[in-house]
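# Chains, contacts and geometry: an overview
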Amino acid sequence: MNLESFLKSLHKLFMRLKSQPVEFILFFCASFSIVILLLMFLFVVKEGSLAFVRLGVQLIFGQRWETNSDLYGGFPLVYGSLMVVSGALVISVPLGICTSIFIAEVLPFQLRDPVKSIIELLASIPSVIYGFIGATFLAPLIASIFELHSGATALTASLILAIMVLPTIVGVSGETISAVPRDYKEAALALGASKWQIIRNVVLPFSKSGMLASVMLGFGRAIGETVAVLMVAGNVAMVPTPPWNYLAPVYPVTAVIAMQMGEAAVGSLEYSALFGLGSILFIITFVVNTIADVIVRRGPVTRGVQL
Amino acid sequence: MSGQTGERVIFAILGVPMLICMLIFSWILSLLLTGIGSVRWELLTVSALQGGMFEMIVGTIYLLLGATAIAGPVGILAAIYLVEYAPSRGLTRIIDQAINNLAGVPSIVIGLFGYTFFCRHLRLGVSLTAGWLTLALMMLPIIIRGSEEALRMVPASFKEAALALGATRWKAISSTTLPAAAPGVVTSVILGIARVAGETAAILFTSCVLITRGLPRSPLEPVMALSYNLFVKIVALGTPAQKVFGVALVLFMIVTSLSLSAILLRIHYRKGQPWLMIR
């Protein structure tokens, strides 16, 4: 759709809204989400602008984050976030996708709703509770298995995060699997295909894009997760040595924002740096969600699927 | 025959991840349930000043009621617009996209926004009102999505019958489509509440305090909330798990019973209204 026709339809819309008060109110409510998103972008970026100007790329690539010496190099934090998120996805993507296939194609029909409901309940558990469980049960377990002083490590955070994004991945890829047209499956069945052959040759090719979208959404959720991660990641603003050491504490971006906002003086460089990190987070999740949306819209059978 | 055995093996392998999911859930449940014995239930009605959690529970309920009062009507009306009115596909797509994006904004970023916009720009301060508005932003996408789905499931013939009898468009929708979709709409609102009931990051800077004297007397005062309390006690104060178990358990039970009732309601009304089974 080009800009001109878009403006034209917008104009037509406004002419209609003028004569229809009910429709006007409804339209106002519907466009609320757009207004909020714009405001969110404007305000968070505005508060971060001081840091963008004064720190520039240092905000992402600077090596040292030390509040006491007014150093705000975000690299250790960004690295911590990426480490924890990739750890979580490595665990949850295979688990989640296999689970969604199993539920949709193999599990007896009567068991589907109960199992789906349990996974939905898993999704609704608040992140403080996950953090609480991680800090009180999982961290000591990790500490005793690997003989560490403290179980608050990147591994612990990855595990908790993996549990938290699992329902997202199962839910979205499950939706796309159930959107595969029945005719196709029945056609394959009529040709004598076995259940596994149907899954491999009909279901998987059709729901591939939806699965990719589910992974992207999982990534978006994981990178933005704050409270649970903060409670189990150990919160040390340093790149672990060696960098792939999952048994070291990390300080993900979201955790830093949550921990330091309370102490940062309004208008200070620290305050602005936290908002700067926040706006980067906002942009990343925005882009990832938009890509997931586009993938789903362009997918062969997933057009009607809601994320 | 060997093909079948091979297939069984594949399905067994596929089934393991699902079992792991179920195990995780039962593990979490069992961890929380083991704490039930040590919780002193009389603390539910004791003031926070005496070590109870009365104000936190009521504070959490205050936050949820206010946020629902804001996000509920806005969300439902937005869904009605998107399903029944939205004229141009282009515009609807952009709104759809915005709703999806809003749903994906990390709660900490919503918290940052709530702080700069509601608390500072609108001068609401750290207050109940700021918390309502911030949480409403998180509920909105869930309510819109769920209500939209519920509205779409109502056959157009309902509305058309009313239109044929001479009803105006709004009258037709509000007297036929909306009542038929009501259970689904209510479910989406409950799911929205469940989503934010345990939310911490969004109210961290916008509306909570660890301890104050009594309940907020006006919407411009800060509140105590279960999730915030649990978070601060563990992270900042390093309180041993035993002492905060009660708070964690109460919060878990509130959230789980909310989402469980939403799920059961959905299953129930899909059975009760046969046209909803056809999608």
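My aim in this report is to walk through the structure given alongside it, one point at a time.

Rules used throughout
- Residues numbered from 1 in each chain as written.
- Chains lettered and ligands numbered in written order.
- Predicted model: local features only at pLDDT ≥ 70, side-chain atom pairs only at ≥ 80, totals over all residues.
- Helix = DSSP H or I, 4+ residues; strand = E, 2+ residues; numbered from the N terminus.
- Buried ≥ 20, exposed ≤ 12 C-beta atoms within 10 Å, placed from the backbone.
- Contact = placed C-beta atoms within 7 Å.
- Expected span 1.5 Å × (residues − 1).
- Bend = angle between axes of the 7 residues up to and from the residue.
- Core = buried A, V, L, I, M, F, W, Y, C linked by C-beta atoms within 7 Å.

A count of helical and extended segments in chain A gives twelve helices and two strands. If you list the helices and strands of chain A from N to C, you get α-α-α-β-β-α-α-α-α-α-α-α-α-α. In terms of overall dimensions, chain A has a C-alpha envelope of 70 × 65 × 30 Å along the principal axes. Counting the 307 residues in chain A, one finds 50% classified as buried. At a minimum sequence separation of 6, the contacts of chain A that also span at least 24 residues come to 73%.

This next bit is on the environment of I103 of chain A. Along the chain, I103 of chain A turns up in helix α4 (residues 75–106). For the pair I103 of chain A and I177 of chain A, spaced 74 residues apart in the sequence, the C-alpha separation amounts to 9.8 Å. In this structure I103 of chain A touches R112, V115, K116 and G174 of chain A together with M18 of chain B, once residues within four positions along its chain are discounted.

The next thing to look at is helix α5 (residues 128–153) of chain B. Each α-helix winds once per 3.6 residues, and so residues spaced three or four apart point in a common direction. Residues and elements named next belong to chain B. The terminal C-alpha atoms of α5, which comprises 26 residues, lie 36 Å apart, in line with the 38 Å expected from a rise of 1.5 Å per residue. Considering bend angle alone, the principal kink of α5 is centred on M139 and spans about 35°; proline P141 follows within four residues of it. Taking burial as the measure, the 26 residues of α5 include 23 buried ones, the bulk of the element.

L161, V232 and A233 of chain A are the most contacted members of the largest nonpolar core, which totals 194 residues. If we ignore the near neighbours within four places in the chain, the residues touching V232 of chain A are G131, G134, A135, L138, A139, A152, T156, A157 and I160 of chain A.

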